[in-house]
Amino acid sequence: MTQARNTPASPAPLPAAEAELDRRSIRARTEPMTVTALGDAIYEIGTEHRTTYLVDLASNRCSCPDHTYRDVRCKHLRRVAIEITEGRVPPPGELAVGCAVCGEELFVNEREVDGGSHYCEAHTLRPGAIVRDRETGDRLLVVSVSDRQADHVRIGESAYSVATYPNNRSYDPTDPVVGAVYPQSVEMTDRGPEPDALRVYSFPRSRLERIA
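Residues numbered from 1 in each chain as written. Predicted model: local features only at pLDDT ≥ 70, side-chain atom pairs only at ≥ 80, totals over all residues. Heavy atoms only, no water.

1. Considering the overall build of the protein
Line of reasoning, step 1. If you tally the helices and strands in the protein, you get 3 helices and 13 strands.
Line of reasoning, step 2. For the protein, buried positions account for 33% of its 212 residues.
Line of reasoning, step 3. Sequence-distant contacts in the protein: of pairs separated by 6 or more residues, those separated by 24 or more amount to 44%. (Helix = DSSP H or I, 4+ residues; strand = E, 2+ residues; numbered from the N terminus. Buried < 20%, exposed > 50% of the residue type's maximum accessible area, 1.4 Å probe, protein only. Contact = heavy atoms within 4.5 Å.)

And the structure:
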């Protein structure tokens, strides 16, 4: 960072304009502020003086007087850049949400925020994962993960959807559907699992707990 004083590498004082830029950078990093991503590259900045400003990264603008009247890159624009670079707030195009299982914050595409539940890496299910059925305690093997919601998927020829099936009604009907098998029911041959013995059961995602 450029210093506003004499050093062996900088034998003369910084010009006033450059020194002021340096002070803005210091204030951007050290002053108490809250930064919240609102979507569409807009960020809300809350200051220690209970003043709120809006930063628009798409146009590189801020609603504060320093930027509006002096047309400079204010401390609020700098703070948003710092928070994004250091991974504390999502970049433009993403929003922060909580993992549906543990609540850990993660960044997702802002167009997908209202598309159902979201999961951190530790609780994301993929084919091959071993899970526990929260209702029965049974262990299952995940074989498929769909992006279709539980209330949109029928169970066989029955009148039930995955969401309305009696044991699933306490779970979020917008959960994605997960297909799983009971490993102990799979019949093995010298060519691998017997296809006719593999019966895949459908579950709402939140009914299954991933086992490390």
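2. Here's the deal with the pattern of salt bridges
Side chains that differ in sign of charge can pair as their charged atoms come close.
Line of reasoning, step 1. Scanning the entire structure with this criterion turns up 12 salt bridges.
Line of reasoning, step 2. Close ionic contact of E31 with R27 constitutes a salt bridge, the shortest N to O distance being 2.9 Å.
Line of reasoning, step 3. For E31, a relative accessible area of 18% translates into the label buried.
Line of reasoning, step 4. A single salt-bridge network, built from bridges that share partners, covers R29, R79, E83, E86 and R88. (Salt bridge = Lys/Arg side-chain N within 4 Å of Asp/Glu carboxyl O.)

3. Thoughts on the state of the cysteines
Note: disulfide means a covalent bond formed between the sulfur atoms of two cysteine side chains.
Line of reasoning, step 1. If you walk through the whole model with that rule in mind, you get 0 disulfides.
Line of reasoning, step 2. C64 carries a free sulfur, and the closest cysteine sulfur to it, the one in C74, is 3.6 Å from it.
Line of reasoning, step 3. With relative accessibility at 1%, the residue C64 sits in the buried group. (Disulfide = S-S within 2.5 Å.)

4. What to know about the sheet that holds strand β12 (residues 201-204)
Line of reasoning, step 1. The strand order β12-β9-β8-β7-β13 describes an open sheet built from 5 strands, whose pairing is antiparallel. Of all the strands in the sheet, just β12 and β13 (208-210) have a single pairing partner and so form its edges. Here the average twist between neighbouring strands, direction ignored, is 50°.
Line of reasoning, step 2. The sheet contact formed by strand β8 (residues 139-149) and strand β9 (residues 176-181) spans 5 bridges and is antiparallel. Across the sheet, the residue bridging to L141 is V181, located in β9. (Pairing = 2+ DSSP bridges. Axes fitted to C-alpha atoms, helices over the stretch in contact; angles between N-to-C directions.)

5. What about the pairing of strand β6 (residues 105-109)?
Line of reasoning, step 1. Pairing of strand β5 (residues 94-98) with β6 involves 5 bridges; the strand directions are antiparallel. Within the sheet, the bridge partner assigned to V97 lies in β6 and is L106.

6. Let's talk about the sheet that holds strand β3 (residues 52-56)
Across a sheet, paired strands are connected by hydrogen bonds in the backbone, their directions being either parallel or antiparallel.
Line of reasoning, step 1. Taking strand neighbours across the sheet as the criterion, the 4 strands line up as β1-β2-β3-β4 in an open arrangement whose pairing is antiparallel. Looking at strand neighbours, the two that pair on one side only are β1 (33-39) and β4 (61-62), the edges of this open sheet.
Line of reasoning, step 2. Sheet topology places strand β2 (residues 42-47) next to β3; 5 bridges connect them, and they run antiparallel. The residue of β3 that forms the bridge with G46 is T52.

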